[in-house]
Amino acid sequence: MAGSAGGLGFTPHFAGFTHRFVGKALGATMWFWMMYRAKQDGPVLLGWRHPWDHHGDEHHDDEHH
């Protein structure tokens with residue numbers, strides 16, 4: 001059978017400083033981006049605002065495009 005006889009079994013190798021730092025930086029960037037997008041698009045996703053509502057702008061032109 002595979003495995004060691006009487007040993008602890010699986011011993012993980014720990015990642016180096018660079019890999020841990022890059023992983024934390026990319027993870028933090030992902031969460032910051034998700035929170036930013038939730039702030040921008042959250043009301044639309046939750047049904048509180050329609051996407052065609054222009055963020056409360058009351059400016060109306062005489063021309064229609």
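Given the structure is predicted, the values throughout are model-derived calculations rather than measurements.

Visitor: I'd like a description of the overall build of the protein, backed by residues and values.
Guide: Along its length, the protein carries one helix and zero strands. Counting all 65 residues of the protein, 3% fall into the buried class. Accessible area for the protein stands at about 6900 Å²; split by element, carbon and sulfur atoms hold 65% of it.

Visitor: Outline the pattern of salt bridges, listing residues and values.
Guide: Scanning the model with the defined rule gives one salt bridge in all. Salt-bridge contacts for Asp-41 lead to Arg-37; the nearest nitrogen and oxygen are separated by 2.5 Å. A residue pair is termed a helical-turn pair when its members lie 3 or 4 positions apart in one helix, as Asp-41 and Arg-37 do in helix 1 (residues 17–45) at four residues. Look at Arg-37 and you get partly exposed, because its relative accessible area is 33%.

Visitor: Quick one: what's the story with a nonpolar patch on the surface, residue by residue and with numbers?
Guide: A surface patch of nonpolar side chains, amounting to about 460 Å² of accessible area, comprises Phe-17, Phe-21, Val-22 and Leu-26. Relative to the helices and strands, Val-22 resides in helix 1. What makes Val-22 partly exposed here is its relative accessible area of 41%.

Visitor: Hey, could you go over helix 1 for me, with residue numbers and the actual values?
Guide: Of all the bends in helix 1, the greatest reaches close to 50 degrees and is centred on Lys-39; the proline Pro-43 follows between one and four positions later. Looking one or two places after helix 1, you find Gly-47, whose phi comes out positive at around 85 degrees.

Visitor: I'd like a rundown of the packing of aromatic side chains, residues and numbers included.
Guide: Applying the stated criterion across every chain yields a total of two aromatic pairs. Taken together, a centroid distance of 6.1 Å and an interplanar angle of 20 degrees make the contact between Phe-17 and Phe-21 stacked. With Phe-17 and Phe-21 both in helix 1 and four residues apart, this pair spans about one turn of that helix. Of the residues examined, Phe-17 reaches a relative accessible area of 61% and is grouped as exposed. For Phe-21, a relative accessible area of 53% gives the class exposed. Both rings, one in Trp-33 and one in Tyr-36, keep their centres 5.6 Å apart while their planes meet at 35 degrees; by these two values the pair is tilted. With Trp-33 and Tyr-36 both in helix 1 and three residues apart, the pair spans about one turn of that helix.

What counts, and where the lines are drawn
- Going along each chain's sequence as written, the residues are numbered from 1 onward.
- Thresholds applied to this predicted model are a pLDDT of at least 70 for local features of residues and 80 or more for the giving and counting of side-chain atom pairs; totals over whole chains, interfaces and linings are not thresholded and use all residues.
- Working from all heavy atoms in the structure, the side-chain values ignore hydrogens and water.
- Helix numbering and strand numbering both begin at the N terminus, where a helix is a DSSP run of H or I of at least 4 residues and a strand a DSSP run of E of at least 2.
- We call a residue buried when its accessible area falls under 20% of the maximum for its residue type, exposed when it is over 50%, and partly exposed in between, using a 1.4 Å probe and counting protein chains only.
- Using the Shrake-Rupley algorithm and a 1.4 Å probe, accessible areas are obtained, with residue cover drawn only from the displayed protein chains.
- In the sections that follow, a salt bridge refers to a side-chain nitrogen of Lys or Arg positioned within 4 Å of a carboxyl oxygen of Asp or Glu.
- Note on patches: the residues involved have over 30% relative accessible area and no salt bridge, like charges join within 9 Å, and the nonpolar side chains Val, Leu, Ile, Met, Phe, Trp and Tyr join within 5 Å.
- Note that the bend at a residue is defined as the angle between axes fitted to the seven residues ending at it and the seven residues starting at it.
- We call Phe, Tyr and Trp rings a pair once their centres come within 6.5 Å, taking the six-membered ring for Trp, and we label the pair stacked below 30 degrees between planes, edge-to-face above 60, and tilted otherwise.

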